[in-house]
Amino acid sequence: MKKRFGQMPDGTQAEEVVLQKGTLCCSILTYGGAVRTLTVPDRQGRLTDVVLGMDTLEDYRRQDKYLGALVGRYANRIGGASFVLGEKTYPLAANDGQNHLHGGLAGFDKQVWNIESCTDDTLVLTLHSPDGQEGYPGNLDVRVTYRLDENGLAIDYHAQCDQDTLCNLTNHAYFNLAGHNSGPVTGQMIQIFADAYTPAAPGSIPTGEIAPVKDTPMDLRSGLAIGQRVDEAFPQLQMAGGYDHNWVINGEPGTLRRAARAWCRESGIVLEAWTTQPGIQFYTGNFLDGCPAGKGGAPYGNRWGFCLEAQHFPDAPHHAAFPSTVLRAGATYHERTEYRFSIQE
């Protein structure tokens, strides 16, 4: 089902598409490709909307938290707001201090995507990013497929460019497994299947080190409450105001494997993130304060949601040891992420 969601200043219509599969329901906006709702049954069978979102296009355009959005050309940060490709330096917008964040001032999250096709349970969105947009080289064509099945929501990302460029795509959904309007997620549980992470310097730019999580609050391999160690006097946490780091997912990049598991004891809802990507950014909504009111007037504040952003590593263009984010001319970028839901009895 497709319905009008609002109108951009230039007159472009933004639409909302509702997908349904069994008891699961999801709605996605053409504005930013944003996942606005994702409703799953809890332990009692009650339908629970587990993603943060907004009721109007105006609020989406006002907020700067990337709620539910598709992020590109480059998810996360590029230090110094520039990169070198070939023999040329490409300057980018410094929209996060001195650094470039989530594709710049008008990244993919702020554009209206085109609907290529739509069925009851599948939506295919496309976007053309012209050469030079936000400073990136090449004409990039992106296709993102959202597919809802009995287990959850799968996202397939495809892209091609006519020049060598950078490409690193993700989705920035904020999850709250007790319901989007239920308050902080600090009592919910998180487990990340990663033996290492990428420490960051001030500004959240990776140092280039791939560090073991063992014997630090970054060790989430066994699972713990989100709030259990988030405020510890550990320099990485203090710098970022909580968890906002990239973990190096165990297993072979390019293969679909489990990256993270989260669950809520009260609702019984379990979320697993599976991905082909090499990394995942776990973010605990440390800066949600100041967000416009959410769906139904929910007063979203700090740590009312958490993100599991499957991605390539932040600032990869400046660290030769990180997996490359260069997309060669004519090559195809393809990554897949699945958010699978179940019930903990």
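Draft legend 1. Just the layout of surface pockets, in detail. Its volume calculated, the largest pocket comes out at about 400 Å³. Forming the walls of the largest pocket are 19 residues, and the residues nearest its centre are R77, L101, D244, Y283 and F287. Every element with two or more residues in the lining of the largest pocket is listed here: α2 (235–240) and β26 (279–283).

Draft legend 2. Representation of the packing of aromatic side chains within the structure. Summed over the entire model, instances satisfying the criterion amount to 14 aromatic pairs. Taken together, a centroid distance of 6.1 Å and an interplanar angle of 55° make the contact between Y243 and W247 tilted. Each of the two residues, Y243 as well as W247, counts as buried. Among the aromatic residues, ring-to-ring pairing joins F175, Y197, Y243, W247, F282, F306 and Y339 into one connected group. The ring of W263 has R261 lying over it, and the distance from NZ or CZ to the ring centre is 4.5 Å. Over the ring of W274 we find R340; its NZ or CZ atom is 4.0 Å from the centre of that ring.

Draft legend 3. View of the sheet that holds strand β17 (residues 189–192). Strand order in this open sheet of nine strands is β11-β12-β13-β14-β29-β25-β24-β17-β22, and the pairing throughout is antiparallel. In this open sheet, the two edge strands, each paired with only one partner strand, are β11 (114–118) and β22 (224–225). Sheet analysis places strand β14 (residues 152–161) next to strand β29 (residues 332–343), joined by nine bridges and oriented antiparallel. Of the residues in β29, the one forming a bridge with D156 is R336.

Draft legend 4. Just the pattern of salt bridges, in detail. Under the defined criterion, the tally for this structure stands at 21 salt bridges. Measuring nitrogen to oxygen at the nearest pair gives 2.9 Å for the salt bridge that ties D42 to R46. For D42, a relative accessible area of 7% puts it in the buried group. One salt-bridge network, in which partners are shared between bridges, spans K3, E16, R36 and D55.

Draft legend 5. Region of the structure containing the side chain of H312. With respect to the helices, strands and loops of the structure, H312 is situated in the loop between β27 (307–311) and β28 (326–327). Look at H312 and you get buried, because its relative accessible area is 10%. A distance of 2.9 Å separates polar atoms of two side chains, one belonging to H312 and the other to Q277.

Draft legend 6. Fine view of the side chain of H319. Checked against the element boundaries, H319 lands in the loop between β27 and β28. For H319, a relative accessible area of 14% corresponds to the buried category.

Draft legend 7. Region of the structure containing the sheet that holds strand β21 (residues 211–212). If you trace the five strands from one edge of the open sheet to the other, you get β21-β18-β23-β26-β27, paired in antiparallel fashion. The strands lining the two open edges of the sheet, one partner per strand, are β21 and β27. Two elements, strand β18 (residues 196–198) and strand β23 (residues 244–248), share three bridges in a ladder whose sense is antiparallel. Following the sheet pairing, Y197 is matched in β23 by W247.

So, how was this worked out
Residues numbered from 1 in each chain as written. Predicted model: local features only at pLDDT ≥ 70, side-chain atom pairs only at ≥ 80, totals over all residues. Heavy atoms only, no water. 1 Å grid on protein atoms, 1.4 Å probe; cavity = no way out; pocket = protein on both sides within 12 Å on 5 of 7 lines; lining within 4 Å. Points joined across faces, edges and corners; volume = space filled by probe spheres on them. Helix = DSSP H or I, 4+ residues; strand = E, 2+ residues; numbered from the N terminus. Phe/Tyr/Trp six-rings, centres within 6.5 Å; stacked < 30°, edge-to-face > 60°. Buried < 20%, exposed > 50% of the residue type's maximum accessible area, 1.4 Å probe, protein only. Lys NZ or Arg CZ within 6 Å of the ring centre and 35° of its normal. Pairing = 2+ DSSP bridges. Salt bridge = Lys/Arg side-chain N within 4 Å of Asp/Glu carboxyl O. Polar contact = N/O pair within 3.5 Å; in protein donor to acceptor, adjacent residues only side chain to side chain.

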